Amino acid sequence: MNLIPMFASTIETGDNALFREASERDETHYGNSWYYIVQAAGGIGGKKPGLKYCEPDALMALGLFERPTDGAECVHIVRPLGRGAIRKIPELAQEMERKCKMPIYVKNITAKQRDYLLGHGFSLVEPYPWNPHAAREDDTFPGQIIDIGQTLGSLQRSTPLSRKYRKFLKYYDEPTHANLPDSAGDARAVVGNFFSGRRDVTSTPYDYRSMIEYPAYGENGKDYFAYVLYVSGMPTGFVVADRNGRESVGVYANMANYRDFPGMSEFLLLDLFERAASAGYKTAYLGGSETQEVFRFKEKFQPVGYEDMHWVVRI
């Protein structure tokens, strides 16, 4: 199915400003970011590149994927932005169906947006899960919201997180940083190491290609954070986060070599929080989780709130 002649165009590097502008006007936070949307639509380039639909009051990304449950080709409409976006989706779905009938998933939407689409030809996703192990991918478990100052302040007390943090600093050299894209090769190495030998994840190293190669709009370390963390000169962590509000940042990748460096997973996020706090951010959105194990890991950082995002499907 070729969506481009119908209404969509490929996502290009310069579109990061377009998505930043739309995200600034968005009523929610997590998932309205360039990093999340482009990755979730298939990235830039490749055999099935991410696409965008753009009108003055509607911006959304689209991707073509094969459903893990049965290999069926499906359309993903990702994180619609703008006042008119959610009302435009039923019309776009009908247009797509006239060309070629296939399941259409709309992902990372609010409960209000979900209810609107349920009244306009869409269904709950659970009876038609995208993935047999995580019906809504990383929206299967609620997203956690972190008060950065509160979490960093807890490091001054004796807590499991603070003890792990201090133990890491005691046993390893002071970490150093290198921003992307200069550290792109090392970022790919960290991602490859993370996935090596793991069979309990539903994503692949390829899913992080766009995050490594195509930066968000603005200044690294101020408007977004994308860097590799080194311990003893070795690349041991990779993190990507993007502004999704005036004082809030969304975390979209935090991968660590936790096998060789115990405590690295926790340290990597705390390091990001410290850098984000220095840049004036007060809240961090860790997003949802595919598994309960990942959800429990994020609970270590003492969330102050939760945000449940939803999926719907049109079969």
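Above this text sits the structure in question.
Because the structure is predicted, anything quoted here is derived from the model rather than measured.

*Asks:* An account of helix H4 (residues 111-118) is needed here, citing residue identities and associated values.
*Replies:* Inspection of H4 places Gln-113, Arg-114 and Leu-117 among the buried residues, and these make up the whole buried set. Buried residues of H4, seen end-on, are gathered within an arc of 100 degrees and therefore sit on one face of the element. Those residues of H4 hidden inside the fold are in contact with strand E4 (73-81), helix H3 (85-99), strand E5 (104-109), strand E6 (123-124) and strand E14 (310-314).

*Asks:* Could you give me a rundown of the packing of aromatic side chains, with the residues and numbers involved?
*Replies:* Going through the model one piece at a time under the given rule, you end up with 20 aromatic pairs. Relative to Tyr-224, the ring of Tyr-35 lies with its centre 6.1 Å away and its plane at 65 degrees, an arrangement referred to as edge-to-face. A residue pair is termed long-range when its members are at least 10 positions apart, and Tyr-35 in helix H2 (residues 34-40) and Tyr-224 in strand E9 (residues 224-231) qualify at 189 residues. Since its relative accessible area comes to 2%, Tyr-35 is described here as buried. The exposure class of Tyr-224 is buried, given its relative accessible area of 7%. Members of the aromatic cluster, each reached through a chain of ring pairs, are Tyr-165, Phe-168, Tyr-172, Phe-261 and Phe-267.

*Asks:* Give a detailed account of the sheet that holds E5, specifying residues and quantitative values.
*Replies:* Sheet architecture is open: 7 strands sit in the order E1-E2-E3-E4-E5-E14-E6, paired in mixed fashion. Each edge of the sheet is formed by a strand with only one pairing partner; in this case those strands are strand E1 (9-10) and E6. As paired strands, E1 and strand E2 (residues 51-55) are joined by 2 bridges and run antiparallel to one another. Counted as the bridge partner of Ser-9 is Lys-52 from E2.

*Asks:* Residues and numbers for the side chain of Lys-52, please.
*Replies:* As for its placement among the helices and strands, Lys-52 is situated in strand E2. Assessed through its relative accessible area of 11%, Lys-52 is described here as buried. A distance of 3.0 Å separates a polar atom in the side chain of Lys-52 from a polar atom in the side chain of Asp-15. Ignoring anything within four residues of it in the chain, the contact list for Lys-52 reads Phe-7, Ala-8, Ser-9, Thr-10, Ile-11, Asp-15, Leu-18, Phe-19, Met-60, Ala-61 and Leu-62.

*Asks:* Lay out the sheet that holds strand E7 (residues 141-147) in plain terms, naming residues and giving numbers.
*Replies:* Read across the sheet, 7 strands follow the order E8-E9-E10-E11-E12-E7-E13 without closing on themselves; strand pairing throughout is mixed. At either end of the open sheet lies a strand with only one pairing partner, and these are strand E8 (176-179) and strand E13 (305-307). In this sheet, adjacent strand axes meet at a mean angle of 30 degrees when their direction is disregarded. Pairing between E9 and strand E10 (residues 234-245): 8 bridges, direction antiparallel. When the bridges of E10 are listed, Tyr-230 appears paired with Pro-235. Along the sheet face, helix H7 (residues 184-195) touches E9, E10 and strand E11 (248-256) and points at about 100 degrees away from the line of E10.

*Asks:* Pulling in residues and values, what's your account of the environment of His-177?
*Replies:* When you line up the elements, His-177 lands in strand E8. His-177 sits in the partly exposed class, given a relative accessible area of 33%. Put simply, His-177 and Gly-233 are 56 residues apart on the chain and 10.0 Å apart in space, counted from C-alpha to C-alpha. Not counting residues up to four positions away in its chain, the partners in contact with His-177 are Tyr-227, Val-228, Leu-229, Tyr-230, Asp-271 and Arg-275. Reaching out from His-177, the side chain makes a polar contact with the side chain of Asp-271 at a distance of 3.0 Å.

*Asks:* Which residues make up the nonpolar core, and what are the values?
*Replies:* Among the nonpolar cores identified, the biggest contains 39 residues, and Trp-34, Tyr-35, Tyr-208, Phe-238 and Met-255 are the most heavily contacted of them. Residue contacts for Tyr-208: discarding those within four places in its chain leaves Val-191, Phe-195, Ser-203, Phe-238, Ala-253 and Met-255. With 30 residues, the next largest nonpolar core counts Ile-146, Tyr-165, Tyr-227 and Phe-301 among its residues.

Definitions and cut-offs
Residues numbered from 1 in each chain as written. Predicted model: local features only at pLDDT ≥ 70, side-chain atom pairs only at ≥ 80, totals over all residues. Heavy atoms only, no water. Buried < 20%, exposed > 50% of the residue type's maximum accessible area, 1.4 Å probe, protein only. Helix = DSSP H or I, 4+ residues; strand = E, 2+ residues; numbered from the N terminus. Arc of directions from axis to C-beta. Contact = heavy atoms within 4.5 Å. Phe/Tyr/Trp six-rings, centres within 6.5 Å; stacked < 30°, edge-to-face > 60°. Pairing = 2+ DSSP bridges. Polar contact = N/O pair within 3.5 Å; in protein donor to acceptor, adjacent residues only side chain to side chain. Axes fitted to C-alpha atoms, helices over the stretch in contact; angles between N-to-C directions. Core = buried A, V, L, I, M, F, W, Y, C linked by side-chain atoms within 4.5 Å.

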